[in-house]
Amino acid sequence: MANPMEQQKAALTNSSLRHEPDGRGHFGGRYGGRFVAETLMPLILELETAYAQAKADPAFQRELDYYLKDYVGRPSPLWLARRMTEKLGGAKIYLKREELNHTGSHKLNNVMGQILLARRMGRTRIVAETGAGQHGVATATVCALFGLKCVVYMGATDVERQKPNVFRMRLLGAEVVPVTAGAGTLKDAMNEAMRDWVANVADTYMLIGTVAGPSPYPAMVRDFQSVIGTEVKAQMHEAEGRLPDVVVAAIGGGSNAMGIFHPFLDDTSVRLIGVEAAGHGLDSGKTAASIERGRPGVLHGNRTYLLQNADGQIEEAHSISAGLDYPGVGPEHAWLNDIGRAEYVGATDTEALEAFQFCTGLEGIIPALESAHAVAYAMKLAPTLPADSLMVVNLSGRGDKDIFTVAEHLGVEL
Amino acid sequence: MSRIAKRFSDLAAQGRGALIPYLEAYDPDRETSLALLRAMPAAGADLIEIGMPFSDPSADGPVIQAAALRGLKAGATLAGVLGMVQAFREGDTQTPVILMGYVNPVESYGYERFCADAVAAGVDGVILVDLPPEEADVMEAPAQAAGLDIIRLVAPTSTVERLSYVLSHASGFVYYVSIAGITGTRTASAGDLRAAIPRVRAATTLPVAVGFGVRTPEQAAQAASIADGAVVASALLQTLAGTLDEQGRATDRTLPSVLEQIGALATAVRAAGRQTA
């Protein structure tokens, strides 16, 4: 590489935080990886190759763009939340309206990308895990659209607390399998989906809904979700002529956060804040805050921060929000935490419930309980910031599915 | 020569394959599983595989999942499992013992410390289901330094290139996962095994044991005669589970039932001898 221009370009690329994991699928040399049984290894490697080819193929990107625009309904608006801003006093708050996507959350961005990949790979049967049911609904939706068989694993506890989504998935033609193992939440659904995949390798594609799992899933899901941050960047430029100062997003596995963070990783003036579900409180022992209260370990194919006991047994997470009720987090977040590029904080169940009502009452937007965690932290932070600062909150999903849970917590009988 | 190598070579000289029964540590309690472990060699176990309970056994079927949960409920820890092996070794210095489990408890314990403590306790080999060779650098050097075999799984989905790569990282013996699936579900046919085992042998000089879906004496005899050994896990754990009382405690039928089944498996494996490949 004698050309100085090329050398400079390479140096820039190497110093960028927006990069691919290394050859072992690791971020920062430590997190991520491919910790799966040998039966799955050939499939993981095949998927990696297929995704690399699709990513390099302009026809794939054109096809994805078409569906994102005319089926998902992108771009999603960036809404200036005037009444929230006035009420809180301080930073100007914008909401990225991912809840307006078809199926009501950011989940469809990733699902659309992966289903097109699964079709390219000739797979005819799709398995997925789901917590709140948003990913399950998105997956069932595209399977209906393309006429593919769909099996969704969902913890039995979540089936109970997310009945509307279970019914939606069944209407869409998916088989919803309640998982009774463990506490019957997202972690157990993930185990069961992996078991299904191992047993049906010939025709099945496993469609993971978050930026976790064995490589290439974390980087692939991030790529498909990065449309969120890319749009925010352009929309904010149009609205304010500059970058935002703070970007806030809720984190379970971390896909909506990774999607909105990633395009800003090299813009070091932009504070990136991931809000974990603190449950009853970070130190209550009933929390889902894997980064703040966990330590690195290996689960579901990757090394990342996990809630675990001293003996390396995985602990049950707790959150009012089924979508955040997971004892791990995407490996790229683990790395961003360690290098200090993103900050990770917590919001409790109670704070999320307050934020849910606050956003609904002032903006006429009912946020998902997951997204309400991001709103809750924004409510704390905005008043401490100067009035000319710009904050973006990722409103990753709509809260219609949560009205029963919220009513129950508020003591209202529906 | 390691205990594993010696046992396979002695059995080859006798003209038969090995029976490798599995038990889950602390299932349903430490005392019962230690008593079972101690009685297994006399019942016909040639090598013994001990499951290290993990909260999220994603490659295992319902039977092993339930056994792991019973073990954890009874207080199983990695240190506790090693303690069981140490207690077993007081009365048996010949039967090879292999630990099988998932990587996170070992990572949490510390790879170097685990390898050293395992060998000191009398463990001969370890299988970590979710630690492929690509990620095994953390384990390989300490295992080699301690003299602990890393037993590798290969599967029907393993390509020829993959087989030679994976098996270049193997020691002790090779565990052939005979079905693409989870433990205790489907069973491979004799025809499947006759086609598959020579592919594995072409990539290694190590003995080959067959597991996943080996349930009956006939299936064990068939697998051990085509390969060099047969692992029986879910079928034994299912028998054990069936003898527990309503509170999940061991009864006076627990040990005799499992040991009798091991006896029947051993008789069939010994009678079958070896098929020359």
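In this text, all values refer to a predicted model and were calculated from it rather than measured experimentally. (Residues numbered from 1 in each chain as written. Chains lettered and ligands numbered in written order. Predicted model: local features only at pLDDT ≥ 70, side-chain atom pairs only at ≥ 80, totals over all residues. Heavy atoms only, no water.)

### Remarks on the domain arrangement of chain A
Residue and element names in this part refer to chain A. As a reminder of what qualifies: The source of the domain bounds is an automatic or database domain assignment. In this description, contact between two residues means that some pair of their heavy atoms is separated by no more than 4.5 Å. Summed over both partners, the accessible area lost on bringing two parts together, with a 1.4 Å probe, is the buried area. For this analysis, a salt bridge means a side-chain nitrogen from Lys or Arg found within 4 Å of a carboxyl oxygen belonging to Asp or Glu.
When the domains of chain A are assigned, the result is domain 1 (25-69 + 107-220) and domain 2 (71-105 + 226-409). Domain 1 puts 47 residues into the contact, and the matching count from domain 2 is 47 residues. Between domain 1 and domain 2, roughly 3,700 Å² of surface is buried when both sides are summed, and carbon and sulfur atoms account for 59% of that area. Taken together, domain 1 and domain 2 are joined by 1 salt bridge.

### A word on the UniProt feature "active site" (unreviewed entry) in chain B
Basically, it comes down to this: UniProt positions are given in the numbering used here, feature names are shortened, and annotations may be inferred rather than shown by experiment. Numbering goes from the N terminus for both helices and strands, where a helix is a DSSP run of H or I of at least four residues and a strand is a run of E of at least two.
Those places that UniProt annotates as "active site" (unreviewed entry) correspond, in this numbering, to Glu49 and Asp60 of chain B. Position of Glu49 of chain B among the secondary structure elements: in strand S2 (residues 48-51). For Glu49 of chain B, the residues in contact, after removing those within four places along its chain, are Ile20, Pro21, Tyr22, Leu23, Ile98, Met100, Ile127, Tyr175 and Val231 of chain B. Position of Asp60 of chain B among the secondary structure elements: in the loop between S2 and helix H3 (62-73). Not counting chain neighbours up to four residues away, the residues in contact with Asp60 of chain B comprise Arg195 of chain A together with Gln65, Tyr102, Ile182 and Thr183 of chain B.

### Focus: the UniProt feature "modified residue: N6-(pyridoxal phosphate)lysine" (unreviewed entry) in chain A
Residues and elements named next belong to chain A. Here is the rule: Per-residue accessibility, obtained with a 1.4 Å probe over protein chains only, is compared with the maximum for each type, and a residue is labelled buried under 20%, exposed over 50%, and partly exposed between these values.
In the numbering adopted here, UniProt assigns the feature "modified residue: N6-(pyridoxal phosphate)lysine" (unreviewed entry) to Lys107. Looking at the element boundaries, Lys107 is found in helix H5 (residues 107-120). Residue classification places Lys107 among the buried positions, given a relative accessible area of 15%. When residues no more than four places from it in sequence are discounted, the contact partners of Lys107 are Gln134, His135, Ala138, Gly209, Thr210, Gln225 and Ser255.

### Some points on the pattern of salt bridges
Residue and element names in this part refer to chain B. Tallying each qualifying case throughout the model produces 43 salt bridges over all chains. One salt bridge connects Lys6 with Asp10, and the closest N-O pair in it is separated by 2.8 Å. Taken as a pair, Lys6 and Asp10 lie in helix H1 (residues 3-14) at a separation of 4 residues, close to a single helical turn. On the basis of relative accessibility, which here comes to 31%, the residue Asp10 falls in the partly exposed class.

### What about the sheet that holds strand S2 (residues 31-35) of chain A?
All names here are of chain A. We apply this condition: By this definition, two strands are paired if DSSP reports at least two bridges between them.
What the 4 strands build is an open sheet, ordered S1-S2-S12-S11; its pairing is antiparallel. The sheet is open, and its two borders are formed by strand S1 (26-27) and strand S11 (295-299), each paired with just one other strand. With 2 bridges connecting them, S2 and strand S12 (residues 301-306) associate as antiparallel partners. Note on S12: the bridge partner recorded for Phe35 is Gly301.

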